[in-house]
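Residues per chain are reported as follows:
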Amino acid sequence: SIPSFIHLCHPVPLDTDMPNPRAPPTLSKYLENRLLDAFRQDHQKNLPQGYGLEFHKPTHTHVLKHEASGIRLCIHPLDLVERTDRAIRNEPADITYIYLQDATIFARIARWAHREPMKAWKLLVEAKVVLPGQDLNGGVWWQGPLSPQEPAKAYLDAQLPADWRVGPFCLAIHLPSEFRRASGVELGSNVAELWFLGEAPEEASPGVWRWPAVPEGKPQVELGVELIESAYRRDPKKV
């Protein structure tokens, strides 16, 4: 007869429906892990439950698709938390989600989300996805389809506008916690406003914007990335 220990060596089929124990519990945690490069994980294999990676051909964008709602999130958040060490934040920060309907606008902003996140934010303003609200403390609170709710929760939240809950596109923005507050608009507690330093720009003519100079403040750059890019461009002064 075959020894019983042979059965222990026989491969056991994997249950692909079982949750990945290394996967983060939420999309926000997953994005934070990517941004901070936590634990040097293979982030492509450790996705939050309910999301899948795909390349969205119509917008030429790598996205995380929430399977239940069909909402597609650009894989790269707009990272606007300043830090000299990629892995260390000196202040609390949050992920906020921006829900979009227009594929062209989504593709244009996603193109710059990783390389130039501040430019991506300006494109959101110029596309009038977000609108200026209250002026306060030398900056502006911006309003729009902004929510702390990730797609897995937003599409079930009856308090959010229906067009947000069906996407079909979404962007994430990483900002210090002090720069986000609940919206004063009567759309429920899960609508957010974001604060940015400086005055709102003016549309001098259709499609032409005049951006005021931003007051001196904290640099919104990651110095390590700036060093690498300057070395790549062979710019000795910046290096």
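Structure's up top.
In this convention, every chain numbers its residues from 1, walking through the sequence in written order. Per-residue local features of the predicted model are confined to residues with pLDDT of at least 70, and side-chain atom pairs are confined, for both listing and counting, to 80 or more; whole-chain, interface and lining totals are unaffected and use all residues. Each side-chain value is derived from all of the structure's non-hydrogen atoms; neither hydrogens nor water enter the calculation.

Notes on the overall build of the protein chain
Numbering of helices and strands starts at the N terminus; helices are DSSP runs of H or I of at least 4 residues and strands are runs of E of at least 2. Looking only at helices and strands, the protein chain features seven helices and 13 strands. Taking all 239 residues of the protein chain together, 39% fall into the buried category. Intrachain contacts of the protein chain at a sequence separation of at least 6 include 64% that bridge at least 24 residues. What sets the accessible areas is the Shrake-Rupley method with a 1.4 Å probe; for residues, cover comes only from the shown protein chains. Put simply, the protein chain shows about 14300 Å² of open surface, and 55% of that area lies on carbon and sulfur atoms. The rule is simple: take the accessible area with a 1.4 Å probe, protein chains only, and divide by the maximum for that residue type; under 20% is buried, over 50% is exposed, in between is partly exposed. In this description, contact between two residues means that some pair of their heavy atoms is separated by no more than 4.5 Å.

Looking at the pairing of strand β11 (residues 192-197)
Here β11 lies mainly inside the structure; five of its six residues are buried. By the convention used here, strands pair only if DSSP detects at least 2 bridges between them. Looking at chain direction, strand β7 (residues 139-143) and β11 are connected through four bridges and run antiparallel. Across the sheet, residue Trp142 finds its bridge partner in β11, namely Leu194. Pairing analysis gives three bridges linking strand β10 (residues 180-182) to β11, with the strands arranged antiparallel. The residue of β11 that forms the bridge with Ala182 is Ala192.

Let's talk about helix α3 (residues 103-113)
Burial in α3 covers these residues: Ile105, Phe106, Ile109, Ala110, Trp112 and Ala113. Burial along α3 is one-sided: seen end-on, the buried residues are contained in an arc of 165 degrees. In α3, the exposed positions angled more than 90 degrees off the buried face are occupied by Thr104 and Arg111. On the buried face of α3, the contacting elements are β2 (61-66), β3 (72-74), β4 (78-79), β5 (93-100), α4 (117-126) and β9 (169-176). Identification of polar contacts relies on pairs of N or O atoms within 3.5 Å, with a donor-acceptor requirement for protein atoms, meaning one able to donate a hydrogen and the other able to accept it, and with residues adjacent in sequence counted only if both atoms are side-chain atoms. The N-capping residue of α3, defined by a side-chain oxygen 2.8 Å from the backbone nitrogen of Thr104, is Asp102. Directions drawn from the helix axis to the C-beta atoms are what define this arc.

Re helix α2 (residues 27-36)
Most of α2 is tucked away, with eight of its 10 residues classed as buried. Within the span of α2, buried status applies to Leu27, Ser28, Tyr30, Leu31, Glu32, Asn33, Leu35 and Leu36. Downstream of α2 by a residue or two, Asp37 has a phi angle that is positive, lying close to 55 degrees.

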